[in-house]
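Reading the structure
Given next are the chains, with one letter for each unit.
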Amino acid sequence: MLDLFLEFVQREENAILLSSHITGDLEKAADYIVFLHQGRVVFQKPKDELLYRYGILKCGAQQFGRLDREDIIVCRKLDYEWQALVADRDAARRKYPDALIDPASIDDIMLLYVKGEKP
């Protein structure tokens, strides 16, 4: 079915609104992602911006305490590390060279928004 959708939207005059919990399908087919949680729009972004710019900064408590809160969208404390969602992983790598910053999948981003908190 996804292949049929992809073929259909190749023509620019066509569009499909797809509601799915399967984020892998969204990564394959979507141009824009609108994330709804508990009845409200959490974000609305181009898929490529989410995949190619966003990142997850991982660090210990001490380093987390030194992060600029303006750089963090949402954060989450796990057993042995902090995870912080950043909108520009390249800028975060330059600013925090000692931190591990991984690319974020759509699933990672949505999970951090739901399980994380504002800094």
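Owing to the predicted nature of the structure, the values given are computational and were not obtained by experimental measurement. Note on numbering: residues in each chain are counted from 1, in written sequence order. In view of the model being predicted, local features appear only for residues whose pLDDT reaches at least 70, and side-chain atom pairs are presented and counted only at 80 or more, with totals across whole chains, interfaces and linings using the full set of residues. Calculated side-chain values reflect all of the structure's heavy atoms, with hydrogen atoms and water omitted.

Some thoughts on the pattern of salt bridges
Note the following rule: A pair is scored as a salt bridge if a Lys or Arg side-chain nitrogen falls within 4 Å of a carboxyl oxygen belonging to Asp or Glu. Strands are runs of DSSP state E lasting at least 2 residues, helices are runs of H or I lasting at least 4, and numbering of each runs from the N terminus.
As enumerated under the stated definition, the model contains 6 salt bridges in all. Between Lys 95 and Asp 71 there is a salt bridge, and its shortest N-O distance comes to 2.8 Å. With Lys 95 in helix α5 (residues 89–95) and Asp 71 in the loop between α4 (61–65) and β4 (74–77), this residue pair connects regions lying 24 residues apart in the sequence. Here the salt bridges do not stand alone but share partners, grouping Asp 68, Asp 71 and Lys 95 into one network.

Describing the side chain of Arg 89
Our working definition: The rule is simple: take the accessible area with a 1.4 Å probe, protein chains only, and divide by the maximum for that residue type; under 20% is buried, over 50% is exposed, in between is partly exposed. Note that His is not counted, nor are the chain ends; the positive residues are Lys and Arg, and the negative ones are Asp and Glu. Whether two residues are in contact is decided by their heavy atoms, any of which lying within 4.5 Å being enough.
Mapped onto the elements, Arg 89 comes out in helix α5. Although Arg 89 is buried, it makes no salt bridge; Asp 90 carries the closest opposite charge, 4.8 Å away. Leave out the neighbours within four places in its chain, and Arg 89 touches Leu 51, Tyr 52, Arg 53, Tyr 54, Gly 55, Ile 101, Asp 102, Pro 103 and Ala 104.

Some words on helix α6 (residues 106–115)
Rule in force here: Starting at the helix axis, one direction is taken to each C-beta atom, and the arc is that of these directions.
Residues of α6 that are buried: Ile 106, Ile 109, Met 110, Leu 112 and Tyr 113. The buried residues of α6 occupy an angular sector of 160 degrees when the element is viewed end-on, so they sit on one face.

Focus: unusual backbone geometry
It is generally the case that most residues other than glycine have a negative phi and that most peptide bonds are trans. Here Gln 38, not a glycine, exhibits a phi torsion of approximately 50 degrees, which is positive. Here Gln 38 shows up in the loop between β1 (32–37) and β2 (40–46). Given a relative accessible area of 74%, Gln 38 falls into the exposed group.

Observations concerning the environment of Lys 95
Stated formally: Definition of a polar contact: a pair of N or O atoms within 3.5 Å, with one able to donate and the other able to accept a hydrogen when the atoms are protein atoms, and with sequence-neighbouring residues admitted only if both atoms are side-chain atoms.
On the basis of relative accessibility, which here comes to 44%, the residue Lys 95 falls in the partly exposed class. Residues Lys 95 and Asp 71 lie 24 residues apart in sequence; the distance between their C-alpha atoms is 9.8 Å. Look past the residues within four positions of Lys 95 in its chain and what remains in contact with it is Asp 68 and Asp 71. Side chain to side chain, Lys 95 and Asp 71 meet in a polar contact 2.8 Å long.

Observations regarding the sheet that holds strand β3 (residues 55–59)
This is how the line gets drawn: Strand pairing is defined by DSSP finding a minimum of two bridges between the two strands. What counts as an axis is a line fitted to C-alpha atoms, over the stretch in contact for a helix, and the angles between N-to-C directions run from 0 to 180 degrees.
Ordered in space as β4-β5-β3-β6, the 4 strands form an open sheet in which the pairing is antiparallel. Each end of this open sheet is capped by a strand with a single partner; those strands are β4 and β6 (100–103). Within this sheet the neighbouring strands show an average axis-to-axis angle of 20 degrees, counted without direction. Along the sheet face, α6 touches β3, β4, β5 (82–86) and β6 and points at about 75 degrees away from the line of β4.

Considering the environment of Leu 17
Along the chain, Leu 17 falls in the loop between α1 (2–9) and α2 (23–29). Exposure remark for Leu 17: the relative accessible area of 85% places this residue in the exposed category. In this structure, the C-alpha to C-alpha distance between Leu 17 and Gln 62, residues 45 residues apart in sequence, is 44 Å.

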